[in-house]
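Structural overview for review
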Amino acid sequence: MKIKVCGLKYTDNIKAIEALKPDYMGFICYNKSPRFIGGMDDDELVNIPTDIIKVGVFVDEDADTISKMIYKYKFDAIQLHGSESPQFCDMYRHEVQVIKAFGVDKNFDFSRLDAYKNNVDHFLFDTKTPAHGGSGQVFDWSILDKYKLDVPFFLSGGLGLDNLNEVKEITHPAFYGVDLNSKFETEPAMKGINKLTKAFDIIRSGY
């Protein structure tokens, strides 16, 4: 089970999380988010250990800007959280992993994903909200049974110490990783290391 910690921007906090050895670290490149990395020291991102996959998170950003950010920050993956088309996603697969995020609720139509199955490396299923993630809200995980593709997916949306043991009961064959964010924060983008340490122990003891 892969672990992704998302929404980081503070140097000391990033260093402490690096020491936990997550598989992925996510950085929000969306200026309407309280976790936006604007003003962050460029070198901090570039110098993250190479065994951690650095993810740039974008929402309906233009292609040129995404390309420039990949080059500037040496991103290994991008996460697209808006209404990006399959063709848009496919533009970047020659240089980075592509994670396409979808906000999910009880009425979500999983057949929408068929058009993306050959254009992305992973899906990410988050709780559907107007704010494109970071809500701390959980969706009904039983609807994941309706997902029939074999593209591996991350689970996001309100994951915390109170429900990670329940996450371990999800047996979907395409379940690839968990995305940890707002439930581990003391303020936006500042993660509690003690809580994350406990979370890593829970996740890694069960897989």
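Predicted model, so just to flag it, every value in this text is computed and none were measured.

1. Focus on the overall build of the protein chain
- Scanning the protein chain from N- to C-terminus turns up 6 helices and 10 strands.
- Its C-alpha atoms give the protein chain a radius of gyration of 16 Å, within 12% of the compact-globule value 17 Å for 207 residues.
- Along the first, second and third principal axes, the C-alpha set of the protein chain runs to 40 × 40 × 30 Å.
- Counting every position in the protein chain, which comprises 207 residues, the buried fraction comes to 52%.

2. A word on the nonpolar core
- Core analysis: the largest hydrophobic core is formed by 59 residues, its most contacted members being F27, F123, F125, Y147 and L180.
- Counting residues per element, this core draws most heavily on helix α6 (residues 193-204), which supplies 5 residues.
- Those residues in contact with F27 that sit more than four places away from it in its chain are L8, I14, I37, M40, L45, I48, V55, G56, V57 and F75.
- Counting residues in each nonpolar core, the second largest holds 12 residues, with I28, V59, I99 and F154 among its members.

3. Details of the sheet that holds strand β3 (residues 53-58)
- A barrel is described by the order of its strands in space; here 8 strands give the closed sequence β1-β2-β3-β4-β5-β6-β7-β8, paired in parallel fashion. Each strand of the sheet is rotated relative to its neighbour by a mean of 30 degrees, with strand direction disregarded.
- Bridge count between strand β1 (residues 2-6) and strand β8 (residues 175-180): 4 bridges; the pairing is parallel. The residue bridging K2 from the neighbouring strand is G177, located in β8.

4. Topic: the pairing of β3
- Of all 6 residues making up β3, 5 are buried, and the element is well covered by its neighbours.
- Here strand β2 (residues 24-28) runs beside β3; their pairing, made up of 5 bridges, is parallel. By the bridge assignment, M25 is partnered in β3 with K54.
- When β3 meets strand β4 (residues 77-80), the two strands line up parallel, connected through 4 bridges.

5. Brief notes about the environment of F110
- The residue F110 is located in the loop between β5 (97-104) and β6 (122-127) in this model.
- Separated by 38 residues in the primary sequence, F110 and K148 have C-alpha atoms spaced 8.2 Å apart.
- Residues within four places of F110 in sequence aside, it is in contact with F125, I143, L144, K146 and Y147.

6. What to know about the side chain of N119
- With respect to the secondary-structure elements, N119 resides in the loop between β5 and β6.
- Among the residues examined, N119 registers a relative accessible area of 14% and is labelled buried.

7. A look at α6
- If you check α6, its first and last C-alpha atoms are 16 Å apart, about what 12 residues at 1.5 Å a residue would give, namely 16 Å.
- Residues of α6 that are buried: L196, A199, F200, I202 and I203. One side of α6 holds all its buried residues, which, seen down the axis, span an arc of 165 degrees. Opposite the buried face of α6, at more than 90 degrees from it, the exposed residues are N194, K198 and D201.
- Contacts from the buried residues of α6 go to β1, α1 (11-18), α5 (164-167), β8 and β10 (190-191).

Rules behind the numbers
- Residues numbered from 1 in each chain as written.
- Predicted model: local features only at pLDDT ≥ 70, side-chain atom pairs only at ≥ 80, totals over all residues.
- Heavy atoms only, no water.
- Helix = DSSP H or I, 4+ residues; strand = E, 2+ residues; numbered from the N terminus.
- Rg over C-alpha atoms; globule rule 2.2 N^0.38 Å.
- Buried < 20%, exposed > 50% of the residue type's maximum accessible area, 1.4 Å probe, protein only.
- Core = buried A, V, L, I, M, F, W, Y, C linked by side-chain atoms within 4.5 Å.
- Contact = heavy atoms within 4.5 Å.
- Pairing = 2+ DSSP bridges.
- Axes fitted to C-alpha atoms, helices over the stretch in contact; angles between N-to-C directions.
- Expected span 1.5 Å × (residues − 1).
- Arc of directions from axis to C-beta.

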